[in-house]
Amino acid sequence: MKRNTLGSLIWLRMMRFTHESNNLSNEFLKQFDLTTAQFDVLMQISLSEPITQSELAKKVTVTQGGISRMLSRLEQDQLIMREQDWKTKFISLTEKGNVLLNNAFDAQLAFQTSFFDESLTKEEQKTLYKLISRIQKNSEQRSK
């Protein structure tokens, strides 16, 4: 077996951080009765509402089947509403969903920010943001 390259070690660190961050965020968001995936879905709906289910599925990290189940749960919890317009269903947040998202957003923002504020200077955070943005853009170009 070959030894890891620096690039592969960076990728492994990013994956481990993402995994641990998701676990910690899931635990943190329990106080709002949300998972990170549900939080992401509510955020995407709020940014693009009304949005179709297929548009939403492209924006989040949930499968099409998973998004259907999640939307049913969010609708049952009265956090979203789905309105049919001929063949297309449009999804929007309810008032209850907006209130929950606003409360959870500020708390989650502070929680996620703390990971970086506790370990990096502002200048290091800016550098990291630029570097990760460059890597993300490159990966998006590869997937086209």
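Everything below is about the structure shown above.
Residues numbered from 1 in each chain as written. Predicted model: local features only at pLDDT ≥ 70, side-chain atom pairs only at ≥ 80, totals over all residues. Heavy atoms only, no water.

### Quick notes on the side chain of S25
Among the structural elements, S25 can be located in helix α1 (residues 6-29). Its relative accessible area of 1% is what places S25 among the buried residues. At 3.1 Å, the side chain of S25 and the side chain of Q108 are in polar contact. (Helix = DSSP H or I, 4+ residues; strand = E, 2+ residues; numbered from the N terminus. Buried < 20%, exposed > 50% of the residue type's maximum accessible area, 1.4 Å probe, protein only. Polar contact = N/O pair within 3.5 Å; in protein donor to acceptor, adjacent residues only side chain to side chain.)

### Some thoughts on unusual backbone geometry
In this chain, E49 is followed by P50 through a cis amide linkage whose omega measures -5°. Relative to the elements of secondary structure, P50 occurs in the loop between α2 (36-48) and β1 (51-52). Although it is not a glycine, D33 sits at a positive phi angle of roughly 60°. Locating D33 in the fold gives a position in the loop between α1 and α2. Of note, Q78 is a non-glycine position whose phi angle comes to about 60°, a positive value. In this fold, Q78 is placed in the loop between α4 (64-76) and β2 (80-85). Classification of Q78 by relative accessible area gives exposed; the value is 51%.

### Quick word on the pairing of strand β3 (residues 88-93)
Bridge count between β1 and β3: two bridges; the pairing is antiparallel. When the sheet's bridge partners are listed, T52 is paired in β3 with F90. Where β2 lies against β3, six bridges are found, and the strand directions are antiparallel. Of the residues in β3, the one forming a bridge with Q84 is K89. (Pairing = 2+ DSSP bridges.)

### Let's talk about the packing of aromatic side chains
Pairs of aromatic rings are described using the distance from one ring centre to the other and the angle between the two planes. Following the criterion strictly, the structure yields four aromatic pairs and no others. Here F28 and F111 contribute two aromatic rings whose centre-to-centre distance is 4.3 Å and whose plane-to-plane angle is 5°, an arrangement assigned as stacked. Of this pair, F28 sits in helix α1 while F111 sits in helix α5 (residues 95-117), placing them 83 residues apart in sequence. These aromatic residues form a ring-pair network of at least three members: F17, F28, F111, F115 and F116. (Phe/Tyr/Trp six-rings, centres within 6.5 Å; stacked < 30°, edge-to-face > 60°.)

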